[in-house]
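# Descriptive structure summary
Given next are the chains, with one letter for each unit.
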Amino acid sequence: MNKLIRAEFYRLRHTGHLFWYAILLPMLFIFMPYILCMDQMDKPLDELIESLGTMCVLVYNFFPAVVAGFAGQLFNKGKLGYYEVMAGNKPSHIIMSKIFSDGVFFSVIYTVCVSAFYVFLGIKNGVGTMTHPFIRLGLFAVVMAHLVVSSIMIMMASKKTVSAVVLTYMRFMVFDIAFMPALAFVFTKLGLEGVATHLGYMILFNQLEMTALGSIDLTAILHIILGFIGEFILWYIVVYRGIKKKKFS
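Rules of the game
Residues numbered from 1 in each chain as written. Predicted model: local features only at pLDDT ≥ 70, side-chain atom pairs only at ≥ 80, totals over all residues. Heavy atoms only, no water. Core = buried A, V, L, I, M, F, W, Y, C linked by side-chain atoms within 4.5 Å. Buried < 20%, exposed > 50% of the residue type's maximum accessible area, 1.4 Å probe, protein only. Contact = heavy atoms within 4.5 Å. Helix = DSSP H or I, 4+ residues; strand = E, 2+ residues; numbered from the N terminus. Polar contact = N/O pair within 3.5 Å; in protein donor to acceptor, adjacent residues only side chain to side chain. 1 Å grid on protein atoms, 1.4 Å probe; cavity = no way out; pocket = protein on both sides within 12 Å on 5 of 7 lines; lining within 4 Å. Points joined across faces, edges and corners; volume = space filled by probe spheres on them. Nonpolar A, V, L, I, M, F, W, Y, C, P; charged D, E, K, R; others polar.

The biggest cluster of nonpolar side chains holds 64 residues, and the ones touching the most others in it are Val59, Tyr60, Phe106, Tyr110, Met144 and Leu208. If we skip the residues at most four places from it in the chain, Val59 touches Phe29, Pro64, Val114, Met144, Leu147 and Leu208.

Shown next as structure tokens:
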């Protein structure tokens, strides 16, 4: 698997404009919070809640489709699955090499770019009444990794860049923003408020907002961590079966 990881990083470094776009585009999110907080630069972090909510909306609308698009262009350079399988690599090694290379790369750079400004202000002006700032930052990194890894695995399942972007949009916007809230509403009307509450915790956008704005408790932490693990297993099975059946792009 080490060879596959090195090969994937080689593809990333030698894909010209894609490599620089993958770095420079998310760097815009370092400056976006500055624009939102130009007149509040001397305030503690807890007083910038409104801008944190705006950033969550931008991240959720922007990153998944971009990751799927970048990953699709990158993976298509190597004929996703074909050369790896023909070389005798195990499907599990092929999948995990993508996660440990592109998944780690995109997760780190996007998490850093989105959170850098707020970390700077927190150090400079303090966090005010915000509780558990380090736990929040760690959970935010987990949610970002969930967004990135799921987007990459959706791309690996579809094996086509355009369809991957569409499927990723459907997963994060239609399923999370429309279907899950509607389902929670139905359970609320049926008197199953507990089920509806847990469905709300499962929505990734809600998790993203919770890390910045909501209260942090054990239920939220478990939903964020176990939700990531559960979706990873789901997409892992789908991608594994596709590679095993030699369905190449």
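Right, let's talk about the side chain of Ser151 for a bit. Mapped onto the secondary structure, Ser151 falls in helix H6 (residues 133–158). Within the local environment of Ser151, its side chain forms a polar contact with the backbone oxygen of Pro64, the two atoms lying 3.4 Å apart. For Ser151, the contacting residues outside a window of four places in its chain are Pro64, Val67, Ala68, Thr168 and Phe172.

Size it by volume and the largest pocket reaches roughly 450 Å³. Lining the largest pocket are 20 residues, and of these Leu45, Tyr118, Val119, Pro133 and Leu137 lie nearest its centre. At the level of elements, helix H3 (49–76), helix H5 (91–125), H6 and helix H9 (204–212) are the ones that each hand at least two residues to the lining of the largest pocket. Ranked by residue count, the leading element in the lining of the largest pocket is H5, at six residues. Residue composition of the lining of the largest pocket, grouped by class: 16 nonpolar, three polar and one charged. Taken together, 13 residues make up the lining of the second largest pocket; nearest its centre are Arg171, Phe175, Met202, Gly227 and Glu231. Among the elements of the structure, helix H7 (161–189), H9 and helix H10 (218–244) are those that each provide at least two residues to the lining of the second largest pocket. With five residues, the top contributor of residues to the lining of the second largest pocket is H10. Across the lining of the second largest pocket, the residue classes tally to six nonpolar, four polar and three charged.

That is the geometry; function is a separate question.
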